[in-house]
Amino acid sequence: MKTGLSLIALVLALGGCVNFGQSANAPGVVYYVLNDAEPAAAPAPVPAEAPTLQVLDTTTGGFYDSDQLVFSRSTGTRGQYQFARWTERPGRRFAELLRTRLDRLGRYRVAPAGGVVRGDLMLDTRLVEFYHDATSEPGQVRLELRAELVDLKQRRLLGRHTFEQKVPLTTYDAAGAAQASNLAVSRVLDDVSAWLATFK
Amino acid sequence: METEGRYTLVGAVVLAVVALLTLAIVWLTGAADTIAYQTYTIYFKEQSLDGLAVGSPVKMRGIKVGVVDGYRFSNKQEEAVAVTARIDEGVPVHNGATAFIKRNLVTGIAAVEITNGPTEGPLLSKAPDGERYPVIAEGSSDIDKVATALSRLAVNGAQVLEKMNTLLSDENQHAISQTLANLNELSGHLAANKQDLTAAVRSIREASDEFRLAGASIGQAAAHAEVSIASVGQNADAALKEATVAMVKLQRDANLISQQVQQLSESGTLELNSVSRDVRTSADVLSTAGQRLSNPRTILFGPDKKQLGPGEKLP
């Protein structure tokens, strides 16, 4: 009895070392970095009387809250690239890019939410759609972002706006989707900056 | 020749007589006089015109400057007499002029005396509406003022005399007599009870002495009380100082504790933030692993062909 149990345990232990995964011919996973296509520049000096803007982490829908690139071959369906991934989840990464862009403007003292810094304004964003629309070749990246600006001192909603960008791909693959995603993110960041400038 | 000469003489005489008659008529009606006079109307309501007649002099500062031309009862003002006066045209009568009757006390002959208005004022030349001549207002003479004052004095004197009579009436005289009798009786009683009064005064003096002694005792008691209160005050002052020191120490300790609690709270907040970030990162990792493990077939045998994305191929 004891010998039988020992044999089963040995088989299981050896089975854990066996790799049934990708064969040697399977393509490797490529990780893409979501970036702001606008060239980086030094942050502008912030005036002393500039308000403090808290930028919350961007929330996303459950399907998009993944490191896998998302595509859609037909209307109303979504799929995930199997060999292409983001280095960071799009929601978290987009918030970082947004803070960097707003810092560069020099109109606000930008701080992440949840810290000890007390803010005057709060910017809440949500990625509604962010995928490669592959209904036609090479398709386009569709990015839809909803933003809300709140006055923290008066607890009042100052404004809400939805931004949408569609950027065509250069190649019908994950690399083309990643490149177009960067461009779409950059354009939406431009739109958000312009929208914030309308609030005095 | 002689006949024609008589006719001429007769005609000349007739013409001269007619001219003389005309002049006489003009002189008699007084029309000629109007040329050299300025006519005024004076309404007298308060003063008597006794002794005044047509032709009575009209004077200004004692000098005759005109005559009374006529008078009549006015139908415009009740009980007023309108006197028409002719004043030499060269005499300036200014606005604000007044007229009063000046009467000789011996002969009783009256004249109209005019007190002129301010010399810087305009001349009185315009007749009011409904009047034929300019109107000089009625004034009052000094004698009238004296008479008025004497009249008031007489009235007041009569009232005083009447009150004196009331004061000295038979009833009051009887009451005064009774009061005097009562005073006489009172003084008699006082004289009879002189010894009693002396005793009463002595008692009052003794009472005042006792009262003074009592005041001195109260003063001494107050002095003692003051010393006691001062002692209590000193003790209370010391106690208050000690309490103040204790309160200051308590406040300092409370501030220290508050600062330490605040520091603890801030460091706790930072720690909590750090922990929550770590938890969120770990949750992301677990979520990603969970998503990978949600499809074991893909892990063991790789993705299905239908799951491949655009541009992806299986070997």
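Residues numbered from 1 in each chain as written. Chains lettered and ligands numbered in written order. Predicted model: local features only at pLDDT ≥ 70, side-chain atom pairs only at ≥ 80, totals over all residues. Heavy atoms only, no water.

Asker: Would you mind showing me how to read the overall build of chain A here?
Answerer: The helix and strand inventory of chain A stands at three helices and nine strands. Counted from the first residue to the last, chain A has its helices and strands arranged as α-β-β-β-β-β-α-β-β-β-β-α. A burial count over chain A gives 44% of its 200 residues as buried. Surface summary for chain A: the accessible area is close to 10600 Å², and the carbon and sulfur share equals 55%. (Helix = DSSP H or I, 4+ residues; strand = E, 2+ residues; numbered from the N terminus. Buried < 20%, exposed > 50% of the residue type's maximum accessible area, 1.4 Å probe, protein only. Areas by Shrake-Rupley, 256 points an atom, 1.4 Å probe, with all protein chains shown as cover.)

Asker: How should a nonpolar patch on the surface be read in this particular structure?
Answerer: Residues and elements named next belong to chain B. A grouping of I176, L180, L183, L186, L190 and L197 is seen on the molecular surface, where their side chains present a nonpolar patch of about 570 Å² in accessible area. Tracing the sequence through the fold places L190 in helix α3 (residues 170-192). What makes L190 partly exposed here is its relative accessible area of 44%. (Patch = residues over 30% accessible without salt bridge, like charges linked within 9 Å, V, L, I, M, F, W, Y side chains within 5 Å. Salt bridge = Lys/Arg side-chain N within 4 Å of Asp/Glu carboxyl O.)

Asker: So what exactly am I meant to see when it comes to the sheet that holds strand β6 (residues 110-115) of chain B here?
Answerer: Within a beta sheet, neighbouring strands are joined by backbone hydrogen bonds and run either parallel or antiparallel to one another. Pairing is mixed around the closed barrel formed by seven strands, whose spatial order is β1-β4-β3-β2-β6-β5-β7 (chain B). Taking the axes of each pair of neighbouring strands and ignoring which way they run, one obtains an average angle of 35° across the sheet. (Pairing = 2+ DSSP bridges. Axes fitted to C-alpha atoms, helices over the stretch in contact; angles between N-to-C directions.)

Asker: In this structure, what is going on with the pattern of salt bridges? I would like to understand it.
Answerer: Two side chains of opposite charge can pair, provided their charged atoms sit close to one another. All names here are of chain A. Applying the stated criterion across every chain, the model contains 17 salt bridges over all chains. One salt bridge connects R101 with D190, and the closest N-O pair in it is separated by 2.4 Å. Taken together, the residues span a long stretch of sequence, with R101 in helix α2 (residues 90-105) and D190 in helix α3 (residues 174-197) at a distance of 89 residues. For R101, a relative accessible area of 4% corresponds to the buried category. With relative accessibility at 34%, the residue D190 sits in the partly exposed group. Ionic pairing is found between K153 and D120, a salt bridge with its closest N-O pair at 3.3 Å. Taken together, the residues K153 in the loop between β8 (140-151) and β9 (156-168) and D120 in the loop between β6 (109-112) and β7 (121-133) connect sequence positions 33 residues apart. For K153, a relative accessible area of 65% gives the class exposed.

Asker: Would you explain the domain arrangement of chain B in this entry?
Answerer: Frequently, the measure chosen for interface size is the accessible area that the parts lose on association. Per the domain assignment, the segments of chain B are domain 1 (1-31) and domain 2 (36-140). Just the C-alpha atoms count here: the centres of domain 1 of chain B and domain 2 of chain B sit 40 Å apart. (Domains from an automatic or database assignment.)

Asker: What should I look at first to understand the packing of aromatic side chains in this one?
Answerer: Given two aromatic rings, one states the distance between the centres and the angle between the planes to describe the pair. Residues and elements named next belong to chain A. One pass over the structure, following the stated rule, counts five aromatic pairs over all chains. Ring geometry for W86 against F130: centres 6.0 Å apart, planes inclined by 15°, an arrangement best described as stacked. A residue pair is termed long-range when its members are at least 10 positions apart, and W86 in strand β5 (residues 79-86) and F130 in strand β7 qualify at 44 residues. The burial state of W86 is the same as that of F130; both residues are buried. Their ring planes at 90° and their centres at 5.1 Å tell us that W195 and F199 sit as a pair that is edge-to-face. (Phe/Tyr/Trp six-rings, centres within 6.5 Å; stacked < 30°, edge-to-face > 60°.)

Asker: Help me understand the packing of α2 of chain A against α3 of chain A, please; the structure alone is not making it clear to me.
Answerer: When two helices pack together, their arrangement is given by the angle between their axes and by how far apart the axes lie. Residues and elements named next belong to chain A. Their axes nearest at 10 Å, the elements α2 and α3 cross at an angle of 50°. Between α2 and α3, the crossing angle belongs to the class labelled oblique. Where α2 crosses over α3, the handedness of that crossing is right-handed. Residues F94, L97, L98, R101, L102 and L105 of α2 touch α3, and the partners they reach there are V185, S186, V188, L189, D190, V192, S193 and L196. Split by residue class, the contact of α2 with α3 holds ten nonpolar, two polar and two charged. (Parallel < 35°, antiparallel > 145°, perpendicular 65-115°, else oblique. Left-handed = near helix turned anticlockwise from the far one by under 90°. Contact = heavy atoms within 4.5 Å. Nonpolar A, V, L, I, M, F, W, Y, C, P; charged D, E, K, R; others polar.)

Asker: When you look at the side chain of Q47 of chain B in this model, what are you seeing that I'm missing?
Answerer: Residues and elements named next belong to chain B. Assignment of secondary structure puts Q47 in the loop between β1 (37-44) and β2 (57-60). Accessibility expressed as a relative area gives 13% for Q47, which makes it buried. With residues near it in sequence (within four places) discarded, Q47 still touches A99, F100, I101, E138, G139, S140 and D144.

Asker: What exactly am I supposed to notice about the confidence of the model for chain B here?
Answerer: Fine structural detail should not be taken from predicted coordinates in areas where pLDDT scores are low. Across chain B, the average pLDDT comes to 84, with 94% of residues at 70 or higher. Element-level pLDDT for chain B is lowest in helix α5 (residues 296-301) of chain B, with a mean of 75, against a maximum mean of 92 in β2 of chain B. (pLDDT = per-residue confidence, 0-100.)

Asker: Looking at this model, I keep getting lost on the pairing of β5 of chain A. Mind explaining?
Answerer: Side chains on a regular strand alternate between the two faces of the sheet. Residue and element names in this part refer to chain A. Burial runs high along β5: eight of the eight residues are buried. Sheet topology places strand β1 (residues 30-32) next to β5; three bridges connect them, and they run parallel. Bridged to Y31 within β5 is R85. Taken together, the three bridges between strand β4 (residues 68-72) and β5 define a ladder with antiparallel strand orientation. Paired with F71 across the bridge in β5 is G79.

Asker: Help me understand the interface of chain A and chain B, please; the structure alone is not making it clear to me.
Answerer: Listed by partner, the interface residues are 29 residues for chain A and 25 residues for chain B. Taken over both partners, the interface formed by chain A and chain B buries close to 1900 Å², and the fraction arising from carbon and sulfur atoms is 48%. Among the residues of chain A in contact with chain B, Q82, F83 and R89 of chain A are the three that bury the most area, contributing 27% of the side total. Taken together, chain A and chain B are joined by zero salt bridges. (Buried area = accessible area lost by both parts, 1.4 Å probe.)

Asker: Please clarify how the environment of L157 of chain A should be interpreted in this entry.
Answerer: Residues and elements named next belong to chain A. The topology assignment puts L157 in strand β9. Sequence spacing of L157 and D36 is 121 residues, and the spatial spacing of their C-alpha atoms is 28 Å. Ignoring sequence-local partners within four residues, the contact set of L157 consists of E148, L149 and V150.

Asker: How should the nonpolar core be read in this particular structure?
Answerer: If you look at soluble globular proteins, the nonpolar side chains tend to sit buried side by side. In this structure, L53, L69, L123 and L196 of chain A are the most contacted members of the largest nonpolar core, which totals 38 residues. If you list the elements that add at least two residues to this core, you get β2 (52-55), β4, β5, α2, β7, β8, β9 and α3 of chain A. The greatest single-element share of this core, amounting to eleven residues, is contributed by α3 of chain A. Here L196 of chain A is in contact with L53, L102, R107, Y108, L123 and L149 of chain A, once residues within four sequence places are set aside. Among the nonpolar cores identified, the runner-up in size contains 23 residues, and Y40, V65, V81 and L124 of chain B belong to it. (Core = buried A, V, L, I, M, F, W, Y, C linked by side-chain atoms within 4.5 Å.)

Asker: For this particular structure, what's the right way to read the pairing of β9 of chain A?
Answerer: Residue and element names in this part refer to chain A. Where β8 meets β9, twelve bridges bridge the pair, whose relative direction is antiparallel. Directly across from L149, in β9, lies its bridge partner G159. The hairpin turn running from β8 into β9, its antiparallel successor, is four residues long, and R155 in that turn takes a positive phi close to 50°.

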